[in-house]
Amino acid sequence: MTPGTHIPVLRDEAVALLAPRADGIYLDGTFGGGGYARAILNAAACTLFAIDRDAEAVSRGAALAAEFPGRLQILHGRIGDLLTLLSAAGVESLNGAVFDLGVSSYQLDDPARGFSFRHDGPLDMRMGSSETTAALLINTLSEPELADILYQFGEEKAARRVAAAIVSRRAARQFATTGDLAAVIRSVVRPDKSGIDPATRSFQALRIAVNEELADIAAALEQAAALLAPGGRLVVVSFHSLEDRIVKRFFAAASGRAPGVSRHDPAGLQTPARPEFRLLTGSPQSPTAAEIHANPRARSARLRAMERLAA
Ligand SMILES: C[S@@+](CC[C@H](N)C(=O)[O-])C[C@H]1O[C@@H](n2cnc3c(N)ncnc32)[C@H](O)[C@@H]1O
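Residues numbered from 1 in each chain as written. Predicted model: local features only at pLDDT ≥ 70, side-chain atom pairs only at ≥ 80, totals over all residues. Heavy atoms only, no water.

J.: Please clarify how the overall build of the protein chain should be interpreted in this entry.
T.: Of regular secondary structure, the protein chain possesses 14 helices and 7 strands. Computed over C-alpha atoms, the radius of gyration of the protein chain comes to 20 Å, within 12% of the 19 Å expected from 2.2 N^0.38 for 311 residues, which places it in the range of a compact globule. Along the longest, intermediate and shortest principal axes, the C-alpha atoms of the protein chain span 60 × 55 × 40 Å. Considering the protein chain as a whole, with its 311 residues, one finds that 50% of them fall into the buried category. Of the contacts formed within the protein chain by residues at least 6 apart in sequence, a portion of 67% connects residues at least 24 apart. Accessible surface, the protein chain as shown: approximately 14,900 Å² in total, 54% of it carbon and sulfur. (Helix = DSSP H or I, 4+ residues; strand = E, 2+ residues; numbered from the N terminus. Rg over C-alpha atoms; globule rule 2.2 N^0.38 Å. Buried < 20%, exposed > 50% of the residue type's maximum accessible area, 1.4 Å probe, protein only. Contact = heavy atoms within 4.5 Å. Areas by Shrake-Rupley, 256 points an atom, 1.4 Å probe, with all protein chains shown as cover.)

Next comes the structure, spelled out in structure tokens:
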């Protein structure tokens, strides 16, 4: 792929499920390179609010906003704060919201951002301007804390071995670059049959920890669902099983497929409340073989959607 671009994944499927209509108000919670935003704005004469925690994505988006005068407003912040961000922009209700989770190719492919084990760069991995960098975590967390992160957020079976190797190496010299960390991981994790780089899972884990991604996703789903008007749709594309699990559980609870945890009825003993949503995707949609062939980053994407029922 051309460096400096992001190829949107499952864009047409996501926009078809969002089904924007003229005069509707929509949210693109993960603006990125604006691929989804452009498709939504082209699909109907609607108004779109977009969010990204990455200041570079927000400034890049100014050109797209200029192409659609008065129809696109890009807000800088985290999706976990979307209620506050939208309410400050005067939005009290939405006709649809879409999230295309994870990192963009702009972030992954820029060595200076420190996400990539393929190119050497500073060990950073911040999507936004949160205080913690990957270097800080790698150089200061205890061995059990590191092992926990690698296991929980990367599902790395060799988490303990990787954590031990990191702690032993940093006693001699602290980690500063992605290449340096990747080399230490590769020295203790064997490549498996999949051909995936042995550093992949550990890098995913660190990125999720640095950006506190999972907590933000859970909060964003809750807040976006609360803003949806009857008939309003929530569409989410996830890229790994940890993200998809959060989305799947949230959708199941909202559509009455699984008990939600209620403060008043924690054991779920009473009759469940009438579902507020209906699922639009029974099982999640995946990219076609042609999309995966054209854009291998699409391979693990999963799309789920649901719609708010009439009151
Ligand atoms: C996969 S890209 C989205 C690409 C976009 N759909 C497109 O077509 O260009 C994800 C974007 O969401 C942003 N992002 C991820 N998690 C976020 C969060 N918790 N809060 C705000 N922005 C987030 C990232 O900074 C990145 O720019």
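J.: Got a minute to help me understand helix α13 (residues 241–254) in this structure?
T.: Three or four residues apart is the spacing at which side chains of an α-helix point the same way, because the helix has 3.6 residues per turn. Between the first and last C-alpha of α13 there are 20 Å, a value that for 14 residues agrees with the 20 Å anticipated at 1.5 Å per step. Here the buried face of α13 lies against α8 (143–154), α11 (200–211), α12 (213–227), β5 (228–238), β6 (277–279) and β7 (302–308). Just downstream of α13 lies Gly 256, where phi reads positive at about 80°. (Expected span 1.5 Å × (residues − 1).)

J.: Help me understand the nonpolar core in this model?
T.: For soluble globular proteins, nonpolar side chains are generally found buried alongside one another. Ranked by internal contacts, the top residues of the largest apolar core, which has 33 residues, are Leu 123, Met 125, Ile 138, Leu 181 and Phe 203. When contributions to this core are tallied by element, the ones reaching two or more residues are α7 (134–140), α8, α9 (159–172), α10 (178–188) and α11. Among residues more than four places away in sequence, those in contact with Leu 181 are Leu 123, Ile 138, Ile 166, Phe 175, Phe 203 and Leu 206. By size, the runner-up hydrophobic cluster in this structure holds 31 residues, among which are Ile 51, Val 91, Ala 224 and Ala 254. (Core = buried A, V, L, I, M, F, W, Y, C linked by side-chain atoms within 4.5 Å.)

J.: Would you take a moment to explain the pattern of salt bridges for this structure?
T.: Pairing between side chains becomes possible if they bear opposite charge and their charged atoms approach one another. All chains considered together, the criterion is met by 18 salt bridges. Where Arg 173 meets Asp 180, a salt bridge forms, and the shortest distance between an N and an O atom there is 3.8 Å. Take Arg 173: its relative accessible area is 52%, and that puts it in the exposed class. On the accessibility criterion, Asp 180 (17% relative accessible area) is buried. Note that Asp 244 is salt-bridged to Arg 304, the shortest N-O span being 2.8 Å. (Salt bridge = Lys/Arg side-chain N within 4 Å of Asp/Glu carboxyl O.)

J.: Mind showing me how you'd approach the sheet that holds strand β4 (residues 94–100) here?
T.: The strands making up a sheet are joined through hydrogen bonds of the backbone, oriented either antiparallel or parallel. Pairing is mixed across the open sheet formed by 7 strands, whose spatial order is β3-β2-β1-β4-β5-β7-β6. Each end of this open sheet is capped by a strand with a single partner; those strands are β3 (72–76) and β6. The sheet shows a mean angle of 15° between the axes of neighbouring strands, taken without regard to direction. Where strand β2 (residues 47–52) lies against β3, 5 bridges are found, and the strand directions are parallel. (Pairing = 2+ DSSP bridges. Axes fitted to C-alpha atoms, helices over the stretch in contact; angles between N-to-C directions.)

J.: Quick question: what am I supposed to make of the packing of α9 against α10 here?
T.: Packed helix pairs are specified by the crossing angle of their axes together with the interaxial distance, meaning the distance between the axes. Relative to each other, α9 and α10 sit at 130°, their axes nearing to 9 Å. The angle between α9 and α10 falls in the class oblique. Viewed along their axes, α9 and α10 form a crossing whose handedness is right-handed. For the pair α9 and α10, contact is made by Arg 161, Val 162, Ala 165, Ile 166 and Arg 169 and by Asp 180, Leu 181, Val 184, Ile 185 and Val 188, respectively. (Parallel < 35°, antiparallel > 145°, perpendicular 65-115°, else oblique. Left-handed = near helix turned anticlockwise from the far one by under 90°.)

J.: I'm lost on the pairing of β5 in this one. Help?
T.: Residues in a regular strand point their side chains to alternate faces of the sheet. β5 sits mainly inside the fold: 9 of its 11 residues count as buried. Pairing between β4 and β5: 6 bridges, direction parallel. Residue pairing in the sheet places Leu 94 in a bridge with Leu 228 of β5.

J.: I keep staring at the site of the ligand and nothing clicks. Help me out?
T.: The local shell around the ligand holds 23 residues, among which Gly 33, Asp 52, Asp 100, Gln 107 and Asp 216 are the closest. A distance of 2.9 Å separates an oxygen atom of the ligand from a polar backbone atom of Gly 33. Here an oxygen atom of the ligand and a backbone polar atom of Tyr 36 are 3.0 Å apart. Within the shell around the ligand, the residues separate by chemical class into 7 nonpolar, 10 polar and 6 charged. (Near = heavy atom within 4 Å. Polar contact = N/O pair within 3.5 Å; in protein donor to acceptor, adjacent residues only side chain to side chain. Nonpolar A, V, L, I, M, F, W, Y, C, P; charged D, E, K, R; others polar.)

J.: How should the side chain of Arg 71 be read in this particular structure?
T.: With respect to the helices and strands, the residue Arg 71 is situated in the loop between α4 (62–67) and β3. At a separation of 2.5 Å, a polar atom in the side chain of Arg 71 contacts the main-chain carbonyl oxygen of Ala 44. When sequence neighbours within four positions are dropped, the list of residues in contact with Arg 71 reads Leu 41, Ala 44, Ala 45, Cys 46, Thr 47 and Leu 48.

J.: How should I be thinking about unusual backbone geometry in this particular structure?
T.: Among all residues save glycine, negative phi is the norm, and among peptide bonds the norm is trans. In this structure, Ala 19 is a non-glycine residue whose phi angle is positive, near 50°. Note on placement: Ala 19 falls in the loop between α1 (11–18) and β1 (25–28). For Ala 19, a relative accessible area of 40% corresponds to the partly exposed category. Phi is positive for Met 125, which is not a glycine, with a value near 70°. Positionally, Met 125 belongs in the loop between α6 (105–108) and α7. Assessed through its relative accessible area of 0%, Met 125 is described here as buried.

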